[in-house]
Amino acid sequence: MTLTNRVSAFFLGWLGLALIGFAAAVYLSARADLHRQIDDQERQTADRLQSTLDMLVAAAEIHRDGVEWEAHERTLPRGDIANGVIWLVQLPNGKIIDRSRPMRVDWLAVATDDSANDTAGSTWRVARRHLTPGAPQVQPPEHRVLVDEPASVIIYNSLDLVTAVPWTSIRNDLPRLAWLLTGLTASLWLTAAFVGRWLCRRTLRPVSEMAAAAANLSAADPAERLHVRPTGDELEGLGNAFNGALARLEEAFVRQARFTGDASHQLRTPLASMLGKVEVALRRERDEASYRDTLSSVADEIRHLNRLTEALLFLARADAEAGLPNLADMDLAEWMSTFLGEWQSAHKASRVELIVEGSAPRVRAHSELLGQLVDNLLDNAIKYGPVGKPIVVRVRQSDGAVELSVEDAGPGIAAEDLPHVFDPFFRSASARAAGVRGVGLGLSVARRIAEAIGACLTAESQLGQGSRFIVQFQTF
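Every chain is numbered independently, its residues counted from 1 as its sequence is written. For a predicted model such as this one, the threshold for reporting local features is a pLDDT of at least 70, and the threshold for listing and counting side-chain atom pairs is 80 or more; totals across whole chains, interfaces and linings nevertheless cover every residue. Working from all heavy atoms in the structure, the side-chain values ignore hydrogens and water.

A.B. asks: Would you mind showing me how to read the overall build of the protein chain here?
C.D. replies: The way it works is that DSSP assigns letters per residue, a run of H or I at least four long becomes a helix, a run of E at least two long becomes a strand, and they are numbered from the N terminus. Along its length, the protein chain carries ten helices and 16 strands. Whether two residues touch is decided by their heavy atoms; if any such pair falls within 4.5 Å, the residues are in contact. Within the protein chain, residue pairs in contact and separated by at least 24 positions form 66% of the contacts whose partners lie at least 6 positions apart.

Put into structure tokens, the structure is as follows:
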């Protein structure tokens, strides 16, 4: 499953649960509220119907021998709806003798239930009341007309009062609300699915582009990089980090290619020299002294080749073996004094001065590797320093670190060459012109050794004022 699908599924799943929960909460809350409204509506409707019936009863006069209805002497509501209620007065046989006007209420005369539909199909709530005389009559006529009154008075045996009020039950709102919430939830979810997937694809498009570009990278063009959009988010950081890794890989690739070429050249030179000397010696018979000179020269080349091979092997495995174990606690000043004593005995023609400033703290280092590092620095100082001038080795504490420096009085290093003195096989033009023998690996090996024992090797120099190489150890 693609990242777009996983993000979309996660987002839509939680959104669906949230929408369903919200819709259910709204529906349950609305249902509880509607049930309360239904109870209130029922009560209010019954009150309105009964109040209208009470008004109609008050308009009638109930005697012992009948019910008198003199609507012309009473003030009755004759409009369409009295308090929202229509009414009629009828005989038990269904004959209407009075009603609210002008609305037709014929359909109400034949209504028998508590609810009825008018001719337009609207629903009405209906209430009835039956009026009878105060005492029972024997074979009472339907009605009698009393002519001895100032006006004709009609006495009815009994009357039926019917009232009705329009009824719109809010019970129907619940199904409509349920369908509305279902449709709204589905619409929102589908809209979110469409828009969310579009946004996911748009947001993750840089990742797809970087993946496609990374698939097209090849060793034939190590300088190729990913196109990173300036979005200012984590994806831009990811692209820049990947391009940084590519840049470091390109640097390592170029360095390896240069290292291979330079190493091949440096190894070829002593081998060709030895082969040439051996071939010259074998062209004719020579005396023992000549053979000894040839073998001595070949031995020098072999020793040089051996040192070169060891340096190349160290450079090749230095990265893999960074952080060598078995670092020991040592007094740097005391160790340097012992080391220089042994070194001086093997290099009698060179002069070295050891200067210890103050009491240097103890450091952690690897004795053999540190010896190789200092030997390389001293060998470099001998090559470029003037004959007869001493080499100064200084041990001191500076800014919380312990410094070991090797200073010579040579011609110095040009400013443009100083950043490259630790590059493998680098030799300045002035060194080549002066004919100083070397392959440009001593300082590179020295820096790798410094990194392996947790130290830092730097160089300071000015033309005509000599050079100073500084090894800094962290105190503990």
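A.B. asks: Whenever I open this one, the packing of aromatic side chains confuses me. Can you help?
C.D. replies: Note on aromatic pairs: each is described by the distance of the centres and the angle between the planes. Think of it this way: a Phe, Tyr or Trp ring, Trp meaning its six-membered ring, pairs with another when their centres are within 6.5 Å, and the plane angle makes it stacked under 30 degrees, edge-to-face over 60, tilted otherwise. Inspection of the entire model under this criterion finds two aromatic pairs. Note on Trp335 and Phe339: the rings are 5.1 Å apart at their centroids and 10° apart in plane angle, and the pair reads as stacked. Of the two residues, Trp335 and Phe339 both sit in helix 7 (residues 332-346), four residues apart, roughly one turn of that helix. Ring centres of Phe422 and Phe469 lie 6.3 Å apart, and the angle between their planes is 85°; this geometry places the pair in the edge-to-face category. Taken together, the residues Phe422 in the loop between strand 14 (401-408) and helix 9 (429-434) and Phe469 in strand 16 (residues 467-474) connect sequence positions 47 residues apart. A relative accessible area of 9% means that Phe422 is categorised as buried. Above the ring of Phe422, the side-chain terminus of Arg447 is found at 4.0 Å from the ring centroid. Exposure categories follow from relative accessible area, calculated using a 1.4 Å probe and restricted to protein chains: below 20% of the type maximum is buried, above 50% is exposed, and the middle band is partly exposed. The rule for a charge over a ring is simple: NZ of Lys or CZ of Arg within 6 Å of the ring centre, and within 35 degrees of the ring normal.

A.B. asks: Looking at this model, I keep getting lost on the packing of helix 8 (residues 367-384) against helix 10 (residues 442-452). Mind explaining?
C.D. replies: Helix-helix packing: each pair is described by the crossing angle between the helix axes and the interaxial distance. Viewed as axis vectors pointing N to C, helix 8 and helix 10 meet at an angle of 150°, and their least axial separation amounts to 9 Å. The angle between helix 8 and helix 10 falls in the class roughly antiparallel. Here helix 8 and helix 10 pass one another in a crossing that is left-handed. Across the interface between the two elements, Leu369, Gln372, Leu373, Asn376, Leu377 and Asn380 of helix 8 pack against Gly442, Leu443, Val445, Ala446, Ile449 and Ala450 of helix 10. Residues are grouped as follows: nonpolar covers Ala, Val, Leu, Ile, Met, Phe, Trp, Tyr, Cys and Pro; charged covers Asp, Glu, Lys and Arg; every other residue, Gly included, is treated as polar. In terms of residue class, the contact of helix 8 with helix 10 is built from eight nonpolar, four polar and no charged. Note on definitions: angles span 0 to 180 degrees between N-to-C directions of axes, and those axes are lines fitted to C-alpha atoms, for helices only across the stretch in contact. Reported orientations rely on four angle classes, namely roughly parallel under 35 degrees, roughly antiparallel over 145, roughly perpendicular from 65 to 115, and oblique for the rest. Crossing handedness: left-handed means the near helix sits turned counterclockwise from the far one by under a right angle, and right-handed means the same turn made clockwise.

A.B. asks: I tried to follow the sheet that holds strand 16 on my own but got confused; where do I start?
C.D. replies: Across a sheet, paired strands are connected by hydrogen bonds in the backbone, their directions being either parallel or antiparallel. Spatial strand order, 11-13-14-16-15: five strands in an open sheet with mixed pairing. Pairing within the sheet leaves two strands with one partner each, and these edge strands are strand 11 (352-356) and strand 15 (456-461). The mean angle between the axes of side-by-side strands here comes to 20°, regardless of whether they run parallel or antiparallel. Strand pairing is defined by DSSP finding a minimum of two bridges between the two strands. Where strand 13 (residues 391-398) meets strand 14, seven bridges bridge the pair, whose relative direction is antiparallel. Following the sheet pairing, Val392 is matched in strand 14 by Glu407. This element, helix 7, spans strand 11, strand 13, strand 14 and strand 16 of the sheet and lies at about 170° to strand 11.

A.B. asks: I would appreciate a short explanation of the sheet that holds strand 5 (residues 115-117) in the present structure.
C.D. replies: Here we have five strands laid out as an open sheet, ordered 4-3-9-6-5, and antiparallel in their pairing. This sheet does not close on itself; its edge strands, each paired only once, are strand 4 (96-99) and strand 5. Ignoring which end each strand starts from, the neighbouring axes of this sheet average 30° apart. By the bridge criterion, three bridges tie strand 3 (residues 86-90) to strand 4 in an arrangement that is antiparallel. Within strand 4, the position partnered with Leu88 by the bridge is Arg99.

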